[in-house]
Amino acid sequence: MAFWSTADVELVSRVVTAKTKNDRRVRGKLTLHFAEAQTQGNADDAGDRCATLAEELFGEADDHEQLIGAEAELAAALRLRLPPRFPSIRSLDLAALHVVGDPSTSAALRRASTTTMRAVAGPVSTPAPNTIRGRSPSSMPPSGDAPSASFRVSQLAASTSGTFRAPISSAGPASGPISTHGPRSSSPPTRRGTLGRMRAIMPGMMLAPGAPPEAIGQALAPFVRDCAGRILVGFLRGYDLLALRGLALEEGSAEMLAALVPVSDAPLGGYEASRTSELARWQNAFGEAVFQRVRRESQVAAIYLAHMALGRLGVPPSVGLPILQEAAPSAFGGERGTVLEMARYVSIPAESFVPALCQHLVDTVGHGDATQLAAALAPLVTSVEEDMAIAATFARDASGV
């Protein structure tokens, strides 16, 4: 118990869902950055209390149109409602507000909230709270012994542990999430773009109805590439914490683990490239062949999620598949085979996708509990699905369907 009472939690996140007065369910991500590190218990209590206040705030809105695109205003109003003796916070961030089950409505409201398309000024989500603690990494092998494959993976766990506990700079802004990848713009924040974890809406995505599949696929490709990168990093970090370190997730902490996928200041389509150093360590630990198979499976998963997003919006396969056949090589260095490989997921129920993906990845690396990983990564995949649904809305509109 003393281990968990250490005051080393610097931020905490909660997913907040509530109905507005017009009976529309709105969801968003709430993140608190503490002015001083808190114990696990105090951080969780603060997160729960603030999430309850956010739900009350959502419920007071007459309709969802008052909320979508107004994250900054809502965060300011929420901060005013914090009770006395609440832990001092450096910033309070509310991001990725959307109408649950209706991404097209959220996208339309956001487009209407500004007269021009603007790049996201800063990250719209933050790394998850530092709620998971690992055991000490394996010790070095005796001098003169060649490192085994298992030792190389243990070394990796130690070398990447710092990415889960990056200190928050005291030079950060008074509000909004913290980024460790470079200075933020000093210009005042504007209403944010549509995707919760994407960096911007590309002007090239705003195609006229009736655009050819080639143009739509090329515009969709950066979204697909970033989603594949997030799945890849999410699995590797989840594997590190659950399989290598043997951690057990507490109830309700799965979304926190999913949010360990770090925010990147890279442009749209550059997420994986922004994690080059971290991924290189995994490649060294697993070996080239195994790592590339894991990477390839994340790409297949992203193509499958794009296929499902288009299908849910009513885009027929005769239109959607040509779009994906153009998006895949543009997203993945000329590789077209991912569209064919997604057939192994298309043939199973949608609710079985995450367990099947994790089982395939565990079989690839040869170690781990697929069921445990699936439970941990399900919220991440849900987030990717939501982002892909909004990107697919632009693709559908451009197709003229």
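Described in the following lines is the structure provided in the data block. (Residues numbered from 1 in each chain as written. Predicted model: local features only at pLDDT ≥ 70, side-chain atom pairs only at ≥ 80, totals over all residues. Heavy atoms only, no water.)

1. Here we look at the environment of Arg 344
Part 1: By the element assignment, Arg 344 lies in helix α12 (residues 343–346).
Part 2: In this structure, the C-alpha to C-alpha distance between Arg 344 and Leu 357, residues 13 residues apart in sequence, is 9.8 Å.
Part 3: Setting aside residues up to four positions removed in sequence, Arg 344 forms contacts with Glu 297, Val 300 and His 360.
Part 4: Polar contacts involving the side chain of Arg 344 include one to the side chain of Glu 297, which spans 2.6 Å. (Helix = DSSP H or I, 4+ residues; strand = E, 2+ residues; numbered from the N terminus. Contact = heavy atoms within 4.5 Å. Polar contact = N/O pair within 3.5 Å; in protein donor to acceptor, adjacent residues only side chain to side chain.)

2. A look at the nonpolar core
Part 1: Formed by 63 residues in total, the largest nonpolar core has its most connected members in Val 224, Phe 235, Leu 236, Ile 303, Leu 324 and Phe 353.
Part 2: Among the secondary structure elements, those contributing two or more residues to this core are α5 (213–244), α8 (276–286), α9 (288–312), α10 (317–331), α13 (353–365) and α14 (370–399).
Part 3: No other element matches the 15 residues that α5 contributes to this core.
Part 4: When near neighbours in sequence (up to four residues on either side) are disregarded, Leu 324 contacts Leu 220, Ile 303, Ala 306, His 307, Leu 310, Pro 329, Val 339 and Met 342.
Part 5: One finds Leu 30, Ala 51, Leu 67 and Leu 74 within the second-largest nonpolar core, a separate group that totals 29 residues. (Core = buried A, V, L, I, M, F, W, Y, C linked by side-chain atoms within 4.5 Å. Buried < 20%, exposed > 50% of the residue type's maximum accessible area, 1.4 Å probe, protein only.)

3. Things to note about the packing of aromatic side chains
Part 1: For the coordinates displayed, the defined rule picks out seven aromatic pairs.
Part 2: Taken together, Phe 235, Tyr 239, Trp 282 and Phe 286 form an aromatic cluster joined through their ring pairs. (Phe/Tyr/Trp six-rings, centres within 6.5 Å; stacked < 30°, edge-to-face > 60°.)

4. Points about α9
Part 1: Given a rise of 1.5 Å per residue, 25 residues ought to cover 36 Å, and the 36 Å separating the end C-alpha atoms of α9 matches this to within 8%.
Part 2: In the stretch just after α9, Gly 314 is the one whose phi turns positive, near 85 degrees. (Expected span 1.5 Å × (residues − 1).)

5. A look at the pattern of salt bridges
Part 1: Summed over all chains, the structure comprises 17 salt bridges.
Part 2: The salt bridge partner of Asp 62 is Lys 21, with a shortest N-O separation of 3.9 Å. One end of the pair, Asp 62, is in the loop between α1 (40–59) and α2 (71–80); the other, Lys 21, is in the loop between β1 (9–19) and β2 (25–38), and 41 residues separate them in sequence.
Part 3: Linked by salt bridges that have partners in common, Arg 296, Glu 297, Glu 335, Glu 341 and Arg 344 make up one network. (Salt bridge = Lys/Arg side-chain N within 4 Å of Asp/Glu carboxyl O.)

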